[in-house]
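Here is how the chains run, residue by residue.
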Amino acid sequence: MTNSETKATLSFSDGSPSIEMPIYKGSIGPDVIDIRKLYGATGKFTYDPGFMSTAACNSSITYIDGDKGELLYRGYPIEQLAQNGGDFLESCYLLLNGELPNAEQKEKFVETVTKHTMVHEQMQFFFRGFRRDAHPMSVLVGTVGALASFYHDSLDINDAHHREVSAIRLIAKMPTLVAMAYKYSIGQPFVYPRNDLSYSANFMYMMFSNPCEPYKVNEVLVRALDRILVLHADHEQNASTSTVRLAGSSGANPFACIAAGIACLWGPAHGGANEAALSMLEEIGSVDNIAHFIEQVKDKNSGVKLMGFGHRVYKNYDPRAKLMRETCYEVLNELGLQDDPLFKLAMALEKIALEDEYFVSRKLYPNVDFYSGIVQRALGIPTALFTGIFALARTVGWVAQWKEMISDPEQKIGRPRQLFVGSPKRDVPAMDKR
Ligand code: ACO
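Residues numbered from 1 in each chain as written. Predicted model: local features only at pLDDT ≥ 70, side-chain atom pairs only at ≥ 80, totals over all residues. Heavy atoms only, no water.

K.L.:
Sorry if this is basic, but what is going on with the side chain of S91 here?
P.N.:
Note that S91 resides in helix 3 (residues 88-97). S91 sits in the buried class, given a relative accessible area of 2%. (Helix = DSSP H or I, 4+ residues; strand = E, 2+ residues; numbered from the N terminus. Buried < 20%, exposed > 50% of the residue type's maximum accessible area, 1.4 Å probe, protein only.)

K.L.:
I tried to follow empty space enclosed by the protein on my own but got confused; where do I start?
P.N.:
Where empty space is left can be seen by rolling a probe of water-molecule size over the atoms. Per the stated rule, a full pass over the model turns up one cavity of 30 Å³ or more. Taken together, R131, R132, A134, P136, V139, A181, Y184 and S185 make up the lining of the largest cavity. At the level of secondary structure, the elements contributing two or more residues to the lining of the largest cavity comprise helix 6 (136-146) and helix 7 (160-186). Grouping the amino acids of the lining of the largest cavity by side-chain chemistry returns five nonpolar, one polar and two charged. (1 Å grid on protein atoms, 1.4 Å probe; cavity = no way out; pocket = protein on both sides within 12 Å on 5 of 7 lines; lining within 4 Å. Points joined across faces, edges and corners; volume = space filled by probe spheres on them. Nonpolar A, V, L, I, M, F, W, Y, C, P; charged D, E, K, R; others polar.)

K.L.:
Explain the site of the ligand here, please?
P.N.:
Near the ligand you find 20 residues, and of these K300, K305, L306, G308 and Y358 are the closest. With respect to the ligand, the backbone of A269 contributes an N or O atom lying 3.4 Å from a nitrogen atom. In the environment of the ligand, an oxygen atom lies 2.9 Å from a nitrogen or oxygen atom belonging to the side chain of K305. Notes on the ligand: free accessible area 920 Å², of which the protein chains cover 73%. Looking at the shell around the ligand, its residues break down into nine nonpolar, five polar and six charged. (Near = heavy atom within 4 Å. Polar contact = N/O pair within 3.5 Å; in protein donor to acceptor, adjacent residues only side chain to side chain. Areas by Shrake-Rupley, 256 points an atom, 1.4 Å probe, with all protein chains shown as cover.)

Encoded structure:
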């Protein structure tokens, strides 16, 4: 952490002495006030549910400017990474190593990841223990956590080489596990990875091929999937990433930490939103029903939200939503589904919401999930697996953030404080006195 040049003075109206706290400047974005000595000096904590104003770490991986609607991986705008021909593994290398690979580094990285795509043969028994109708996220929480019991040779988190090997294993094996979860749910045989295919093509192959007929890779669909992965690869200190960091802060192994991240991602306010957005579109059903639906959304008592809209950080159009809408066009054209009623409905809903005072005044814009569900459905991915695809994409971000945390000398076990509002100390009364 850089030394501070400016200081903040906190003064109290209750007569406590004021204290000075250092202010640090990031390379971009808001400054932070270092309050680490606050409790020692004043006996007071800060109160910040949901971490609305709290930077829990310093990081040089991903930067979001929510007002501008800008997302940078290691300084590079997401639009350039998604549109200039680089694939998902290139973004993975960037997130993990800080720089884009040159041709030789890329080739070596792709080869290393590709050689780790198989999972231990016994992993299939974990899958077979689940009900066929289990939610894929439940299967993934279990099976990713279970990886720790197979790869003992890379669990020493204090060894940089072990951390590297675990990172590669997680990135390489996630597509295999997600595809296995899908195959199991539909009662088809697991499909082994094919190392002559690209990362995204191999995933499509493991998902959609079967032993009875040849599978032809469709490059347009592969590119769409690859873009979904690039767009979801990292998103700074969101709920699941913070969960991974918090789990990792205790020294837990990376497989356990990523399993914790998957559990957090499952929630409808986070990764579950694309599934919820698609269900919402299906429920609205037709453009004629939009007005009534919007009325419900505005009625606070209804509990209805416009899923795929709003974001804790973006108070402008989510840059990923624009790219996802572009991909939506490409995929629907390729499949001859230009008149897809859900896509038309989504566009009509977006247009109305972007003009409506309720959404405008609250700066609620479409987020990436508004369109990603439609794309995934067109690719043939079942709704219940959408969040699993998100987890597959986000694994690299989680791993990069976990690795950054482990090598940060300022890292401490995460341990928030509380404002206690329960009963003060009291004596346990005898049973007949209660
Ligand atoms: N529909 C209707 N109203 C909304 C929505 C929405 N989707 N999102 C926020 N609001 C309203 C809130 O009710 C609140 O109104 P009020 O000021 O009158 O009380 C105001 O906008 C501010 O919203 P908050 O909930 O305070 O915003 P917060 O930053 O806490 O929440 C969140 C962000 C959780 C993403 C929220 O917008 C939401 O639930 N959206 C729908 C779910 C979704 O799409 N999640 C995906 C997030 S992106 C991702 O994880 C990849």
